[in-house]
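Structural overview for review
Next come the chains, spelled out residue by residue.
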Number of protein chains: 2
Amino acid sequence: MLGLMQQRPLLISNIVDYVATWHAKTEIVSRDPQGVIHRSNYGEVATRAKRVANALVKLGVGHGDRVATLAWNSWRHLELYYGVTCSGRVLHTVNPRLFQEQIVYIIDHADDGYVFFDLDFVGLVEQLAPHLPKVKGWVALCDARDLPAVKVGNLLCYETLLAEVSPDYVWPQFDENTACTLCYTSGTTGNPKGVLYSHRSTLLHAFAACAADGMAFSAKDSILVIVPLFHANAWSIPFSCAMCGAKLVLPGPKLDPESIYTLLEQEACTKAGGIPTIWLNFLAWLDANKGKLDLSKLKLKMIFSGGTAAPRATIQKVRDDLGIFLLHAWGMTETSPIVTLGSPLAKHENATPDEIVDMQVKQGRQVCGVELKLVGKDGETLPHDGQSIGELKVRGNWVISGYFKGEGGKVVDDDGWFGTGDVATIDPDGYVQLTDRLKDVIKSGGEWISSIEIENLALLHPDVFEAAVIAIPHPTWQERPLLLVHPKPGANPTKESILEFLSTRIAKWWMPEDVVFVESLPHTATGKLLKTELRTKYGGAVAVKG
Amino acid sequence: MLGLMQQRPLLISNIVDYVATWHAKTEIVSRDPQGVIHRSNYGEVATRAKRVANALVKLGVGHGDRVATLAWNSWRHLELYYGVTCSGRVLHTVNPRLFQEQIVYIIDHADDGYVFFDLDFVGLVEQLAPHLPKVKGWVALCDARDLPAVKVGNLLCYETLLAEVSPDYVWPQFDENTACTLCYTSGTTGNPKGVLYSHRSTLLHAFAACAADGMAFSAKDSILVIVPLFHANAWSIPFSCAMCGAKLVLPGPKLDPESIYTLLEQEACTKAGGIPTIWLNFLAWLDANKGKLDLSKLKLKMIFSGGTAAPRATIQKVRDDLGIFLLHAWGMTETSPIVTLGSPLAKHENATPDEIVDMQVKQGRQVCGVELKLVGKDGETLPHDGQSIGELKVRGNWVISGYFKGEGGKVVDDDGWFGTGDVATIDPDGYVQLTDRLKDVIKSGGEWISSIEIENLALLHPDVFEAAVIAIPHPTWQERPLLLVHPKPGANPTKESILEFLSTRIAKWWMPEDVVFVESLPHTATGKLLKTELRTKYGGAVAVKG
């Protein structure tokens, strides 16, 4: 028997209508690439989003068609977020920092009909255009008077497009499972793969983000959105904040500490979200400018950090220097992204500051609305004992069922579980702690050894500058850990001293099979250890020894 | 084009599994009718809810069948909340305070197969049973050793039922629009009508309740649930709190101030929800016991109040005596119930205490997820100017589409709008202020006059004990207000003194056509003015004068 409640589709237009009706005057503040502050509000953004919809109709962009952006965080990008999706088209936010060939690949793969770009990317657009014959037009996000000469076939001006159409448009009603946004993940191997979000997934995710134990977005908030709008929908903040009417502060491309500080102070920001590197630099700059700043003017209450794990020292410094809480988040593009958040429990009410940091360094507890489980090497579900190491698997309404156009094949099992590739423990309170990537973990004698944990311990040795652990084949144990050490300048550590140092800190069966000293370690463009290269170079060679 | 995110049904079992997995040890504290404290937790409640499901299977209760409760707020009632709904049956929470004939009517109308009752209601059950031949069994919510002799056909014992079945049960998956709970509204006219909630409506409503700007439920909270589980699903708190793992404190039948105070202190309650009368009595008791209490022991941070408007004095006293915030809520059984909540905006950060109370006395802002509009006499949408008076209309996923079994006919218009019967203004910040019930408003010359506002002003006259305003027919103006006054003992006010008093306080066209002095005014069982009786007695008679 069905209930007798209304069944209305969960659409992004619900939340855009909500802010337009109830929070029309709440500000949307942007800083353009030149550093000029632009002030808009939800009412204006929603009205201009309707102009975007009419402009798309005029351009012949149909329901479900993809529209790309190459743009910083700004009010115009936000208008596209709302106008493209609410009208039934799909917004494809392209990361302009990708390699040019990757950008060409994904715009082509997505069949983007139009590309909306910031003027910062004129050079990029001119390089891309010859390779993208399917793109019908390139729309510069600027006024007519600022429109530069761009060497592309069909150059259009955003403000002219909007001025030529009416702001009258009624958001259409359609199936809540309709696609709304598209983001490509840039894996370390193979081509990027597209994650195609739906209106339903976006609204349910936004509800979870607005929860008191979520990111707790509120109409009282002013949110500095440092995370780019082209990165997993900026953790979906543009949608979550429209659900509650929080003021948005969009910083454009300048993310240096001083620029961030100025916005935090001027716009009375209460929350801010960005990757740990941002906060690391910001805190260092605060130190250097201590005498000149009046921190009491800041209204900041919470910092969100995700992308990679925030170091303990950063979390402590945010607490000590700013007097605020760093909320650790974990998720991925494939999960919209929020899966876990480091919100406290009742027990932390009486915890010591150190115990609270112990909790904060972990990646947080599963939010309600998705499901998370820890799975061992044989597929068995592992206990939440803080010891058992397994892969995190996720399922739920904001988790992918497959990549765009079927790339990568079947990515969830028959019960809907998606393997994240992240290896972790879960403690009895439910806090997840990432220990490794699945591809980097060492499978020894049927058990898993965390490469990252050995690396972190090796780093505590006074002579070690950097360390990497990879798996090497072993006739008895299948795999064993190999430790690669880049010593500090002038230091000359021995294998014995390193192993002795580790022996008091890790279990015997975790001990590296060997230690190899290297002059440097290879890194990816984003600074992560390039273990594939290490495995090619050292994995096989040492195996013979084993 | 559809998105490529998973589509999993929104089911109450999602949140019950969530708390069972992540908050198993979080306490569910109940006080039984004898005042004995019972301690359970989400893990136990969830396990016993599975026993409930197996017991229902054994009893032959099928998918979609209704199961009734006549019970106070307790862990067993909570187990039924979860076990009945998650297994696909429908929980019908019956208000034991209704007239006996009404209870017979609704249990019969709902086709309840089994009735689960607290021992407090043995007498009631014995009176009901002969009139309810369709009920197959009466289940006493007690241990076998406490089972009294009850003169009903098929008496069963809850704990025996549970002990006889396995706790192994996998919650079934089904359409998220499946019915889960049933509540009857007791209107002032006609038979009670059933509101049939769905799993989808319940989960979406719970998301809104957990929002930071909602009731902000959190795993850090300990919630005293004073509002009965038989009243609009206790504002859905049992579901919303399972979504975040908040501790629940269920007070049983004793709701006197001392019993409430003891629980607040002992269970470190952070939030509590109940009707204004509860808080009025509680604050008076605090006054009377000031010297004996150490209020600093309380952890209470917020009070929710709904049902009827909380008086300004109560809101101020909650602030001054307890140092906490009273959150005003508005909604109805037909709306799950939350539609508006009095959560502050950014502007209130710098508001004076009086300005904040000005906001708090209103019924709050629309939460995202439902839609609210103010509609004038000709169906036109009215502005949010704080002046325009209209009826509140609501639509959305947790608003009814119709009553159970089609009673009352079509209750929403073609666009899904449900007329609440509440008349209000909405101010420019979006805060709703109720001014009247639609049936009581005076429609004069095409404009609406609030009966309640005139009554409240008349009450300020030193000689007025109670006042009532009803509409009387008028040849020119259609309707005009008639003021009925019950003078204070010994006072002898004149019509002229009353009208003069009002003349400086209301617009000329709002002035009562006449004043009639009466020795008393009729009330409903719940203490509201019985205006139907006044209209019968005075409406016609005075009309002749008009």
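Computed from a predicted structure; not experimentally measured. Counting restarts for each chain, with residues numbered from 1 along the sequence as it is written. All chains are assigned letters beginning with A, and all ligands numbers beginning with 1, in the order in which they are written. The predicted origin of the model limits local features to residues at a pLDDT of at least 70 and limits the giving and counting of side-chain atom pairs to 80 or more, whereas totals for whole chains, interfaces and linings rest on all residues. Computation of side-chain values covers all heavy atoms of the structure but excludes hydrogens and water.

Quick word on the overall build of chain A
Just so we agree on the cut-off: Here a strand is any run of E in DSSP of at least two residues, a helix any run of H or I of at least four, and the numbering for each starts at the N terminus. Atoms counted for the radius of gyration: C-alpha only. Globule rule: 2.2 Å times the number of residues to the power 0.38. Only heavy atoms matter for contacts: two residues are in contact if any of them lie within 4.5 Å across the pair. Working definition of accessibility: Shrake-Rupley area with a 1.4 Å probe, residue cover restricted to the visible protein chains. Charge convention: Lys and Arg are scored as positive, Asp and Glu as negative, and His as well as the terminal groups of each chain are ignored. A charged residue contributes its charge at one atom only: NZ of Lys, CZ of Arg, CG of Asp or CD of Glu.
Along chain A, the regular secondary structure elements total 16 helices and 25 strands. Against the globule reference of 24 Å for 546 residues, chain A gives a C-alpha radius of gyration of 25 Å, in line with a compact fold. The principal-axis extent of the C-alpha atoms belonging to chain A is close to 75 × 65 × 50 Å. Considering only intrachain contacts with a sequence separation of at least 6, the fraction spanning at least 24 residues in chain A is 67%. Working note: accessible area of chain A is about 20700 Å², and carbon and sulfur atoms make up 52% of it. Charge separation in chain A, taken as the distance between the mean sites of 52 positive and 61 negative side-chain charges, equals 2 Å.

A look at the sheet that holds strand E17 (residues 370-375) of chain B
All names here are of chain B. Cut-off, in case you're wondering: Here a strand pair is declared whenever DSSP counts at least two bridges between the two strands. Here the axes come from fitting lines to C-alpha atoms, over the contacting stretch only for helices, and the angles between their N-to-C directions go from 0 to 180 degrees.
Pairing is antiparallel in the open sheet, where four strands are placed in the order E17-E18-E19-E20. Because the sheet does not close on itself, it has two edges, and the strands there are E17 and strand E20 (432-437). Strand after strand, the sheet turns through a mean of 45 degrees between neighbouring axes, direction not considered. As defined by bridge partners, strand E18 (residues 390-396) adjoins strand E19 (residues 418-426) across four bridges and the pair is classed as antiparallel. From the neighbouring strand, Val 394 faces E19, where its bridge partner is Phe 418.

Examining the packing of helix H2 (residues 42-59) of chain B against helix H3 (residues 75-86) of chain B
Residue and element names in this part refer to chain B. Definition in use: Throughout this description, any angle smaller than 35 degrees is read as roughly parallel, any larger than 145 degrees as roughly antiparallel, any in the 65 to 115 degree range as roughly perpendicular, and the remainder as oblique. The crossing is said to be left-handed when, going from far helix to near helix, the turn is anticlockwise and less than a right angle, and right-handed when the turn is clockwise. When residues are grouped by polarity, Ala, Val, Leu, Ile, Met, Phe, Trp, Tyr, Cys and Pro land in nonpolar, Asp, Glu, Lys and Arg in charged, and all others, Gly among them, in polar.
Where H2 contacts H3, the axes come no closer than 8 Å and their chain directions differ by 60 degrees. As far as their axial angle goes, H3 and H2 are oblique. Between H2 and H3 lies a crossing whose hand is right-handed. From H2, Tyr 42, Val 45, Arg 48, Ala 49, Val 52, Ala 53 and Leu 56 reach across to H3, where they touch Trp 75, Arg 76, Leu 78, Glu 79, Leu 80, Tyr 82, Gly 83 and Val 84. A breakdown of the residues in the contact of H2 with H3 according to their chemical character gives eleven nonpolar, one polar and three charged.

Thoughts on helix H2 (residues 42-59) of chain A
Residue and element names in this part refer to chain A. Cut-off, in case you're wondering: Take the residue count of a helix, subtract one, and multiply by 1.5 Å to get its expected span. For each residue, the accessible area found with a 1.4 Å probe, counting protein chains only, is set against the maximum for its type, and the residue is called buried under 20%, exposed over 50%, and partly exposed in between. Pairing of N or O atoms within 3.5 Å defines a polar contact, subject to two protein rules: one partner must be a possible hydrogen donor and the other a possible acceptor, and residues neighboring in sequence count only if both atoms are side-chain atoms.
Its 18 residues give H2 an end-to-end C-alpha distance of 25 Å, which sits within 8% of 26 Å, the value for a rise of 1.5 Å per residue. Of all the residues in H2, the buried ones are Tyr 42, Gly 43, Val 45, Ala 46, Arg 48, Ala 49, Val 52, Ala 53, Asn 54, Ala 55, Leu 56 and Leu 59. Where H2 begins, one side-chain oxygen reaches toward the backbone nitrogen of Gly 43, 3.0 Å away; that side chain belongs to Asn 41.

Quick look at the relation of the copies chain B and chain A
For clarity, the cut-off: To line up the copies, we fit them by least squares on C-alpha atoms, keeping just the residues with pLDDT of at least 70 in both.
The two copies are related by a screw motion: chain B maps onto chain A through a turn of 180 degrees and a shift of 0.0 Å along the axis, at an RMSD of 0.1 Å. On this basis, the relationship between the two copies can be described by a two-fold rotation axis. When the interface residues of chain B are mapped onto chain A, 100% of them are again interface residues, pointing to one common binding face.

Thoughts on the environment of Val 411 of chain B
Secondary-structure assignment places Val 411 of chain B in the loop between E18 and E19. Between the C-alpha atoms of Val 411 of chain B and Gln 102 of chain B, which are 309 residues apart in sequence, the distance is 22 Å.

Here we look at the pairing of strand E2 (residues 37-41) of chain A
For a regular strand, side-chain orientation follows a simple rule: the groups alternate between the two sheet faces. Residue and element names in this part refer to chain A. Sheet analysis places strand E1 (residues 27-31) next to E2, joined by five bridges and oriented antiparallel. What sits directly across from Arg 31, in E2, is Ile 37. Between E1 and E2, which pair antiparallel one after the other, the connecting turn spans five residues, and Gly 35 there sits at a positive phi close to 90 degrees.

Here we look at the interface of chain B and chain A
Worth spelling out the cut-off: Two parts placed together each lose some accessible area; with a 1.4 Å probe, that loss summed over both constitutes the buried area. The term salt bridge refers to a side-chain nitrogen of Lys or Arg lying within 4 Å of a carboxyl oxygen of Asp or Glu.
Contact with chain B, which involves 77 residues of that partner, is made by 77 residues of chain A. For the pair chain B and chain A, the summed buried surface comes to about 5700 Å²; carbon and sulfur atoms form 57% of the total. The largest per-residue losses of area from chain B upon contact with chain A belong to Met 1, Met 5 and Trp 22 of chain B, which jointly make up 16% of the total buried on that side. Counting across the chain B and chain A interface gives four salt bridges. Between Arg 200 of chain A and Glu 176 of chain B there is a salt bridge; the shortest N-O distance is 2.8 Å. Our count for the contact surface shared by chain B and chain A stands at 36 residue pairs in polar contact (both at pLDDT 80 or more). Breaking the side of chain B that touches chain A down by element, the ones donating at least two residues are helix H1 (12-22), strand E9 (193-198), helix H7 (199-210), strand E16 (365-366), E17 and E18 of chain B. When residues of the side of chain B that touches chain A are assigned to their parent elements, the largest contribution, six residues, is made by H7 of chain B. When grouped by side-chain class, the residues that make up the side of chain B that touches chain A number 39 nonpolar, 22 polar and 16 charged.

As for the packing of aromatic side chains
Basically, it comes down to this: Any two of the Phe, Tyr and Trp rings considered here, Trp counted by its six-membered ring, make a pair once their centres fall within 6.5 Å; the pair's planes then place it as stacked at under 30 degrees, edge-to-face at over 60, or tilted in between. Cation placement over rings: the criterion is NZ of Lys or CZ of Arg within 6 Å of the ring centroid and within 35° of the ring normal.
Considering all chains together, one arrives at 23 aromatic pairs over all chains under this definition. A ring pair is formed by Phe 116 of chain B and Tyr 158 of chain B, whose centres lie 6.2 Å apart and whose planes are at 80 degrees; its orientation type is edge-to-face. Pair noted here: Phe 116 of chain B is in strand E5 (residues 114-117) and Tyr 158 of chain B is in helix H6 (residues 158-163), with a separation of 42 residues, a long-range link. Like Phe 116 of chain B, the residue Tyr 158 of chain B is buried in the burial classification. Against the face of Tyr 403 of chain A rests Lys 193 of chain A, its NZ or CZ located 5.2 Å from the ring centre.

Details of unusual backbone geometry
Residue and element names in this part refer to chain A. Here the bond from Ser 336 into Pro 337 is cis, since omega is 5 degrees, no more than 30 degrees from zero. By the element assignment, Pro 337 lies in the loop between strand E14 (325-331) and strand E15 (338-341). Residues other than glycine seldom take positive phi values, yet Gln 478 does so here, at roughly 70 degrees. By secondary structure assignment, the location of Gln 478 is in strand E24 (residues 478-487). Take Gln 478: its relative accessible area is 54%, and that puts it in the exposed class.

Examining the nonpolar core
What counts is decided by this rule: Nine residue types can take part in a nonpolar core, namely buried Ala, Val, Leu, Ile, Met, Phe, Trp, Tyr and Cys, and a core is a set of them joined through side-chain atoms within 4.5 Å.
Counting 203 residues, the largest nonpolar core has Tyr 82, Phe 217 and Leu 248 of chain A together with Tyr 82, Phe 217 and Leu 248 of chain B as the members making the most contacts within it. If sequence neighbours within four positions are ignored, Tyr 82 of chain B has contacts with Val 16, Tyr 42, Val 45, Ala 49, Trp 171, Pro 238, Phe 239, Ala 242 and Leu 248 of chain B. Ile 107, Val 135, Val 152 and Cys 157 of chain B belong to the second largest nonpolar core, which has 33 residues in total.

A closer look at helix H11 (residues 276-288) of chain A
Taking 1.5 Å per residue as the helical rise, H11 of chain A with its 13 residues ought to reach 18 Å, and the 19 Å between its terminal C-alpha atoms agrees with that figure. At its buried positions, H11 of chain A is contacted by helix H10 (257-266), strand E12 (271-274), strand E13 (302-305) and helix H12 (312-322) of chain A.

Some remarks on the pairing of E15 of chain A
Residues and elements named next belong to chain A. Alignment of E14 against E15, held across three bridges, turns out to be antiparallel. Bridging from a neighbouring strand, Gly 331 pairs with Ile 338 of E15. In textbook terms, the turn of a hairpin is the stretch between consecutive antiparallel strands, and for E14 and E15 this stretch comprises six residues, one of which, Ser 336, has a positive phi near 80 degrees.

Focus on the side chain of Ser 450 of chain A
In this structure, Ser 450 of chain A sits in the loop between strand E22 (447-449) and helix H14 (451-458). Look at Ser 450 of chain A and you get buried, because its relative accessible area is 0%.

Description of the sheet that holds strand E17 (residues 370-375) of chain A
Residues and elements named next belong to chain A. Strand order in the open sheet formed by four strands is E17-E18-E19-E20, with antiparallel pairing between adjacent strands. What marks the edges here is a single partner per strand, and that holds for E17 and strand E20 (432-437). Taken over all neighbouring pairs, the strand axes of this sheet differ in orientation by 45 degrees on average, direction set aside.

A few points about the environment of Val 115 of chain B
Residue and element names in this part refer to chain B. With respect to the helices and strands, the residue Val 115 is situated in strand E5. A relative accessible area of 0% places Val 115 in the buried class. Separated by 46 residues in sequence, Val 115 and Thr 69 have C-alpha atoms that sit 5.5 Å apart. With residues near it in sequence (within four places) discarded, Val 115 still touches Ala 68, Leu 70, Ile 107, Val 135, Gly 137, Trp 138 and Val 139.

Brief notes about the pattern of salt bridges
Residues and elements named next belong to chain A. In this structure the tally under the stated criterion is 68 salt bridges over all chains. With a shortest N-O distance of 3.0 Å, Asp 414 and Lys 410 are connected by a salt bridge. Per residue, the accessibility class of Asp 414 equals that of Lys 410, and both read exposed. One connected set of salt bridges, linked through shared partners, spans Arg 66, Asp 108, Asp 111, Lys 134 and Lys 405.

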